[in-house]
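Below are the chains, spelled out letter by letter.
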Amino acid sequence: MEKFFSYFLQPWPWYVAGPAIALIMGLLLWLGRSFGLSSNFRTICAIGGGAKYSDFFKFNWRDQIWNLVFLTGSIAGGFITNQWLKVDHTIDISESTKADLTAIGVQNPGAEMIPTEMFSAEALFTWQGFIMIILGGFLVGFGTRYAGGCTSGHAISGLSNLQIPSLIAVIGFFIGGLITTHFIIPFLF
Amino acid sequence: MGKYIKFFGLGILFGIVLTKAEVISWYRIYEMFRFQSFHMYGVIGSAVLIGIIIIQLIKRFNIKSFSGHTIMIVPKERVWKRYIIGGTIFGLGWALTGACPGPMFILVGNGFLMMLAVIVSAAAGTFTYGLLKNKLPH
């Protein structure tokens, strides 16, 4: 038991996480819902009175409360893990990734979950921080609704259902991600 | 309230899994887009593989939902512009923030409060899409 728990506290490998995510998707289907996180942003806009500005936000958002509850649960899950289910807070990225990040000026790559030097209140008022935090968030929120789904809705749910539109969206995710990673991020640190 | 508790529980599980497997890490997303580790491909690939099996089982055996209804998966519109353009815009942002919509919130739970600014910006992005929707090619 002790051995199990010490293993449990280590970072989990992909073959535990992937099937667990599929299981969550399956249980949501069984509960009559669908797995997709990004529609919560549309719900948030609707609750905030978005219907005054666009018909896109005119829908019965009360039907989506379950998804906001799921989202709130995931915040709690993050808190629980960070507080009690972790011993090591470094990220086990590959040596080549660390070397590449060091070369573009990232301090201590992988020392924490995210590069806090960039995701900080001070960085927010630099043009680099503004691009990563404000523009980055905006593009995610705009793009996911334009594409009709995010990683959970298209990459997991859509591909699991063998939907061609989702495959096209995932190809788009990679085109965008590769452009940012290879041509934009080197200039941001 | 009671009808929502199961979704709260599944959300907790989702938050734990994504944190424990480092899926919410900016560095893991960067590493994925540089093809320097199998980790993220393993997570997404095995999720899709098991997901395909689950959905095929539901369809073949006509498995009913908890409340006895047929499980319906609404098909996406059969167009392509919105998926490739919207997907690319999403990808540009995903690699900047290192977080897609779920992980943005899970990171807040992990104590990274700057992600709240990312979340507000993402909501503004969705709002802007709502304003421009009818003018955009789909």
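Keep in mind the model is a prediction, meaning the values are calculated, not measured. (Residues numbered from 1 in each chain as written. Chains lettered and ligands numbered in written order. Predicted model: local features only at pLDDT ≥ 70, side-chain atom pairs only at ≥ 80, totals over all residues. Heavy atoms only, no water.)

**Student:** Lay out the side chain of Thr97 of chain B in plain terms, naming residues and giving numbers.
**Tutor:** Counting through the fold element by element, Thr97 of chain B comes out in helix H4 (residues 81-97). In terms of polar contacts, Thr97 of chain B uses its side chain to reach the backbone carbonyl oxygen of Ala99 of chain B, at 2.9 Å. With residues near it in sequence (within four places) discarded, Thr97 of chain B still touches Phe119, Met132, Gly136, Gly137 and Val140 of chain A together with Trp26, Met115 and Val118 of chain B. (Helix = DSSP H or I, 4+ residues; strand = E, 2+ residues; numbered from the N terminus. Polar contact = N/O pair within 3.5 Å; in protein donor to acceptor, adjacent residues only side chain to side chain. Contact = heavy atoms within 4.5 Å.)

**Student:** How would you summarise unusual backbone geometry if you had to cite specific residues and measurements?
**Tutor:** One non-glycine residue, Leu162 of chain A, lies in positive phi territory at about 55°. Along the chain, Leu162 of chain A falls in the loop between helix H8 (151-160) and helix H9 (164-184). In this model, Glu22 of chain B sits at a positive phi of 65°, which is unusual for a non-glycine residue.

**Student:** I'd like a description of the interface of chain A and chain B, backed by residues and values.
**Tutor:** In many reports, interface size means the accessible area that the parts give up when they come together. Opposite the 124 residues of chain A that make contact, chain B presents 104 residues. Between chain A and chain B the total buried area reaches about 10200 Å² when both faces are included, carbon and sulfur atoms providing 78% of it. For the pair chain A and chain B, the number of links is 1 salt bridge. With its nearest N and O atoms 3.2 Å apart, the salt bridge here joins Asp100 of chain A to Arg34 of chain B. Taken together, the residues of the side of chain A that touches chain B break down into 76 nonpolar, 40 polar and 8 charged. (Buried area = accessible area lost by both parts, 1.4 Å probe. Salt bridge = Lys/Arg side-chain N within 4 Å of Asp/Glu carboxyl O. Nonpolar A, V, L, I, M, F, W, Y, C, P; charged D, E, K, R; others polar.)

**Student:** Give a detailed account of a nonpolar patch on the surface, specifying residues and quantitative values.
**Tutor:** Together, Leu23, Leu27 and Trp30 of chain A together with Leu49, Ile50, Ile53, Leu57, Phe61, Ile63 and Phe66 of chain B line one region of the surface with nonpolar side chains, adding up to about 950 Å² of accessible area. The set of elements that each furnish at least two residues to the nonpolar patch consists of helix H2 (14-30) of chain A together with helix H3 (39-60) of chain B. As for its position among the elements, Leu27 of chain A is in helix H2. (Patch = residues over 30% accessible without salt bridge, like charges linked within 9 Å, V, L, I, M, F, W, Y side chains within 5 Å. Areas by Shrake-Rupley, 256 points an atom, 1.4 Å probe, with all protein chains shown as cover.)

**Student:** Residues and numbers for the nonpolar core, please.
**Tutor:** Core analysis: the largest hydrophobic core is formed by 97 residues, its most contacted members being Phe35 and Phe119 of chain A together with Trp26, Met104 and Met115 of chain B. Two domains share this core, each providing at least three of its residues, namely domain 1 (1-86) and domain 2 (120-189) of chain A. Those residues in contact with Met115 of chain B that lie beyond four places of it in its chain are Ile114 and Phe119 of chain A together with Thr97, Ala99, Met104, Leu107 and Val108 of chain B. (Core = buried A, V, L, I, M, F, W, Y, C linked by side-chain atoms within 4.5 Å. Buried < 20%, exposed > 50% of the residue type's maximum accessible area, 1.4 Å probe, protein only. Domains from an automatic or database assignment.)

**Student:** How would you summarise the packing of aromatic side chains if you had to cite specific residues and measurements?
**Tutor:** Under the defined criterion, the tally for this structure stands at 30 aromatic pairs over all chains. With a centroid separation of 5.5 Å and 85° between ring planes, the pair formed by Phe35 of chain A and Phe14 of chain B is classed as edge-to-face. Placement of Phe35 of chain A in the loop between H2 and helix H3 (39-47) and of Phe14 of chain B in helix H1 (residues 5-20) is noted, with the two residues assigned to different chains. An angle of 85° between the planes, with centres 5.6 Å apart, marks the rings of Trp26 of chain B and Tyr27 of chain B as edge-to-face. What makes Trp26 of chain B buried here is its relative accessible area of 1%. For Tyr27 of chain B, a relative accessible area of 1% corresponds to the buried category. Counting every residue linked through ring pairs, the aromatic cluster contains Tyr53, Phe56, Phe57, Phe138, Phe142 and Tyr146 of chain A together with Phe127 and Tyr129 of chain B. Directly above the aromatic system of Phe56 of chain A lies the positively charged group of Arg42 of chain A, at a separation of 4.1 Å from the ring centroid. (Phe/Tyr/Trp six-rings, centres within 6.5 Å; stacked < 30°, edge-to-face > 60°. Lys NZ or Arg CZ within 6 Å of the ring centre and 35° of its normal.)

**Student:** So what's going on with the packing of helix H2 (residues 26-33) of chain B against H3 of chain B? Which residues, and what values?
**Tutor:** Residues and elements named next belong to chain B. For the pair H2 and H3, interaxial distance at closest approach is 8 Å and the crossing angle is 90°. Accordingly, the angle class assigned to the pair H2 and H3 is roughly perpendicular. Mapping the contact onto sequence places Arg28, Ile29 and Met32 in H2 and His39, Met40, Tyr41 and Ile44 in H3. Here the residues of the contact of H2 with H3 sort into 5 nonpolar, 1 polar and 1 charged. (Axes fitted to C-alpha atoms, helices over the stretch in contact; angles between N-to-C directions. Parallel < 35°, antiparallel > 145°, perpendicular 65-115°, else oblique.)

**Student:** Describe the domain arrangement of chain A, naming the residues involved and giving the relevant values.
**Tutor:** All names here are of chain A. Along its sequence, chain A is organised into domain 1 (1-86) and domain 2 (120-189). One C-alpha centre belongs to domain 1, the other to domain 2; they are set 18 Å apart. Contacts between domain 1 and domain 2 engage 9 residues on the former and 9 residues on the latter. Summed over both sides, the interface between domain 1 and domain 2 buries roughly 690 Å², with carbon and sulfur atoms accounting for 71% of that surface. Between the two partners, domain 1 and domain 2, sit 0 salt bridges. For the pair domain 1 and domain 2, the interface holds 4 residue pairs in polar contact (both at pLDDT 80 or more). When residues of the side of domain 1 that touches domain 2 are traced back to their parent elements, those giving at least two are H2 and H3. Per-class residue counts for the side of domain 1 that touches domain 2 are 5 nonpolar, 3 polar and 1 charged.

**Student:** Describe H1 of chain B, and please don't skip the residues or the numbers.
**Tutor:** All names here are of chain B. End to end, H1 covers 23 Å across 16 residues, agreeing with the expected 22 Å (1.5 Å per residue, within 8%). Listed in full, the buried residues belonging to H1 are Phe7, Leu10, Gly11, Ile12, Phe14, Gly15, Ile16, Val17, Leu18, Thr19 and Lys20. Glu22 occupies a position one or two residues after H1 and carries a positive phi of about 65°. (Expected span 1.5 Å × (residues − 1).)

**Student:** Give me the pattern of salt bridges: which residues, what numbers.
**Tutor:** All names here are of chain B. Per the counting criterion, the structure on display carries 6 salt bridges over all chains. The salt bridge partner of Arg28 is Glu31, with a shortest N-O separation of 2.8 Å. Pair noted here: Arg28 and Glu31 are both in helix H2, with a separation of 3 residues, about one helical turn. When the shortest N-O distance is used, the salt bridge between Arg82 and Glu77 registers 2.5 Å. Judged by its relative accessible area of 11%, Arg82 falls in the buried class. Here the residues in one salt-bridge network are Glu22, Arg28 and Glu31, joined through shared partners.

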